[in-house]
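Letter by letter, the chains look like this.
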Amino acid sequence: MKANYGGGTVLRPYDSSYDPLVAQQPGHGMDYAPTYWVASAGSPPEDDGPIQGDCDVDVVVVGSGATGMSTALYLAQDHGIQAVVLEANQSVWGCSSRSGGQGQNASGRLSRSQWIERWGMDTAKRLDKEIREGFDNFKALTQEIDCDAFDGGHLYMAHKPSKMDYLRNMAQVRNEHFGYNTQIFSADEVRERFCDEREHHGAMFEEEGVGVHPMKLTFGLIRKARALGVKLHPASPVLGVETIGGVHHVRTPGGTVRAKRVVFCTGGYTWQRMHKTTRNKILPILSNSVVTRPLTDAEMKACNFQSKTFMTDTRTLRFYYRLLEGNRLQLGSRSSITGADAEDPVHLKLLTDAIARKFPPLAGIQIDYSWWGWVDVSHDMMPRITRPDPKQNIWYAVGYGGNGVSFSTWAGKRVAQRVAGKDADQEVFNLPIYNSPLEFPNIWNTVRSEAFAPFRRFGQYFLYKWYWFNDEFI
Ligand SMILES: Cc1cc2nc3c(=O)[nH]c(=O)nc-3n(C[C@H](O)[C@H](O)[C@H](O)COP(=O)(O)OP(=O)(O)OC[C@H]3O[C@@H](n4cnc5c(N)ncnc54)[C@H](O)[C@@H]3O)c2cc1C
């Protein structure tokens, strides 16, 4: 898919080994990853070409994923502020064109029981209200924008019998404390009503869950935002931000954009050297995905696919999967630790083995699309939508931990409110995701530079081994 660069910028080839933790540059006009979403999203919306020359603006949003585009949309729609969006590569180049498209009533990696443990019942209930409001807003967007939305809930599949107690407990907490109608299904009920997934031992079903075509959704956000006067500049990587007399000089290869306010919405692709507020504040983690060829009628029958409800399993290194429009199966999980190792066939095999285990009639099925992307993991597995330094007009909305399809759109709404100065009196901004910055604990602060990245990844390597052992054998 070619972008509509007004400035005639040459499209650079996609670099599959790109690794934000050690990259020397943030990317510059790179082609898209070879995803099913890119192949099926249709033509990209018009954009405003790369930045050419210096200019003065009010608000710069960095990153054109779902977070950046919803921030720009809500700034324009709710507050009459027309932001300028700077994107290093092409529009929607990062995770928002690579995800599983599973829009959950969640944000970050922690469950509601973990919220209670960490922050107490009162805060957990307020956080639930907030995240649910965000989910409802996301659901409304999926009805306004043509994005192949399937409003069929989420099945959380027990990958071993011992996980059923964990799911029963989770359902009880959800229902008793948060008023949901979460149900537990036996393996036979799942096989009859949803699909014949052979690995699971029963599942928790939550009604709240909308599967989407994530790139069509974000293209829709772009179209809405541009109709309200937002400018989107692809191939305009932010190489640094210097603040002089309260004005932020946002440096790109084509010129410097001088802005009163800046919002970083760069997710797992946050380049280490972009700005000190985001440096070493998230750990980028690779996630893989595959999409099969369309299933035949016989295969659909053999797997008893009755629904496009999306599924995840109870592994810590979880698999996520669902039947897409056109009866292709998508499945994904964790990937390699470094970008340099991402092409190793062992990571693809992890996914094709999982397809064979979960859906034996599909063993060996042709894989039409295979890709990966960097998700943004924060120090406590929860996102942050905040202004880290009250003296600077710089905000960020990052850290969804691989769970941002739905919440990124609400994060955009909330950060827009903050940028517009409408966050002073609202109690909601006392919630932990809004009232504290991203901060890795001391152990991370001692290993600040890229030179030490291999050491962090050493730790990640051993954690993955432990999680795998725990998932499969304990
Ligand atoms: C394989 C995979 C599967 C996933 N599946 C799911 C799922 O099923 N459900 C779910 O909820 N979440 C999922 N996620 C996570 C989800 O995709 C993200 O949380 C969400 O898309 C985040 O959007 P974003 O706008 O914050 O970031 P992104 O979409 O990554 O956008 C960030 C943008 O910032 C740009 N950028 C970075 N640095 C600069 C710079 N210096 N200058 C200019 N631009 C810059 C990047 O080029 C990029 O386009 C998945 C992620 C992956 C990779």
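Up top you'll find the structure we're talking about.
Quantities reported herein were computed from a predicted structural model and do not represent experimental measurements. (Residues numbered from 1 in each chain as written. Predicted model: local features only at pLDDT ≥ 70, side-chain atom pairs only at ≥ 80, totals over all residues. Heavy atoms only, no water.)

### Focus: unusual backbone geometry
Here N304, not a glycine, exhibits a phi torsion of approximately 50°, which is positive. As for its placement among the helices and strands, N304 is situated in the loop between α8 (297–302) and β13 (310–313). Taking the relative accessible area as the measure of exposure, N304 reaches 25% and is therefore partly exposed. Positive phi is not limited to glycine here, since M381 has a value of about 70°. (Helix = DSSP H or I, 4+ residues; strand = E, 2+ residues; numbered from the N terminus. Buried < 20%, exposed > 50% of the residue type's maximum accessible area, 1.4 Å probe, protein only.)

### Details of the pairing of strand β4 (residues 154–157)
Residues H154 and Y156 line one face of β4 and the alternating positions L155 and M157 line the opposite face, and both faces are buried. By the bridge criterion, four bridges tie β4 to β13 in an arrangement that is parallel. Within β13, the residue paired with Y156 across the bridge is T312. (Pairing = 2+ DSSP bridges.)

### Structural notes on the state of the cysteines
All chains considered together, the criterion is met by zero disulfides. C265 supplies the cysteine sulfur nearest to C95, a cysteine that is in no disulfide, at a spacing of 13 Å. Here C303 stays unpaired: no disulfide links it, and the sulfur of C195, its closest cysteine neighbor, is 7.9 Å away. (Disulfide = S-S within 2.5 Å.)

### Notes on the packing of helix α4 (residues 121–144) against helix α7 (residues 214–227)
Direction vectors running N to C along α4 and α7 enclose 85°, while the axes themselves pass 10 Å from each other. For the element pair α4 / α7, the angle class is roughly perpendicular. Facing F138, L141, T142 and E144 of α4, the residues of α7 in contact are L217, L221 and K224. Within the contact of α4 with α7, the residues separate by chemical class into four nonpolar, one polar and two charged. (Axes fitted to C-alpha atoms, helices over the stretch in contact; angles between N-to-C directions. Parallel < 35°, antiparallel > 145°, perpendicular 65-115°, else oblique. Contact = heavy atoms within 4.5 Å. Nonpolar A, V, L, I, M, F, W, Y, C, P; charged D, E, K, R; others polar.)

### A few points about the layout of surface pockets
Within this model, the second largest pocket holds a volume of roughly 520 Å³. If you list the elements that add at least two residues to the lining of the second largest pocket, you get β15 (329–334), α9 (345–358) and α13 (453–473). In terms of residue class, the lining of the second largest pocket is built from eight nonpolar, five polar and nine charged. Looking at which domains feed residues into the lining of the second largest pocket, each of domain 2 (154–207 + 294–365) and domain 3 (442–474) supplies at least three. (1 Å grid on protein atoms, 1.4 Å probe; cavity = no way out; pocket = protein on both sides within 12 Å on 5 of 7 lines; lining within 4 Å. Points joined across faces, edges and corners; volume = space filled by probe spheres on them. Domains from an automatic or database assignment.)

### Section: the packing of aromatic side chains
Scanning the entire structure with this criterion turns up 15 aromatic pairs. For the ring pair Y400 and F407, a centre distance of 6.4 Å and an interplane angle of 70° mean the geometry is edge-to-face. Its relative accessible area of 1% is what places F407 among the buried residues. The rings of Y18, W93 and Y269 are connected pair by pair, giving a single aromatic cluster. The ring of W93 carries R98 above its face, with NZ or CZ at 4.6 Å from the centroid. Geometry around Y180 places R174 over its ring, the cationic atom sitting 4.5 Å from the centre. (Phe/Tyr/Trp six-rings, centres within 6.5 Å; stacked < 30°, edge-to-face > 60°. Lys NZ or Arg CZ within 6 Å of the ring centre and 35° of its normal.)

### Re the pattern of salt bridges
Applying the stated rule across the entire model yields 29 salt bridges. A salt bridge links D389 to K391, with the nearest nitrogen and oxygen atoms 3.9 Å apart. Counted as one network, the salt bridges with shared partners bring together E197, E199, D313, R315, R357, K358 and E472. (Salt bridge = Lys/Arg side-chain N within 4 Å of Asp/Glu carboxyl O.)

### A word on the site of the ligand
Lining the immediate surroundings of the ligand are 34 residues, of which T67, E87, S96, G100 and V405 lie closest. G94 has a polar backbone atom sitting 3.1 Å from an oxygen atom of the ligand. Measuring from an oxygen atom of the ligand, one finds a backbone N or O atom of V405 at 2.8 Å. Contact with the protein chains hides 98% of the accessible area of the ligand, taken as 1,000 Å² for the molecule alone. The set of elements that each furnish at least two residues to the shell around the ligand consists of α2 (66–79) and β16 (367–377). Residues that form the shell around the ligand fall into these classes: 16 nonpolar, 16 polar and two charged. (Near = heavy atom within 4 Å. Polar contact = N/O pair within 3.5 Å; in protein donor to acceptor, adjacent residues only side chain to side chain. Areas by Shrake-Rupley, 256 points an atom, 1.4 Å probe, with all protein chains shown as cover.)

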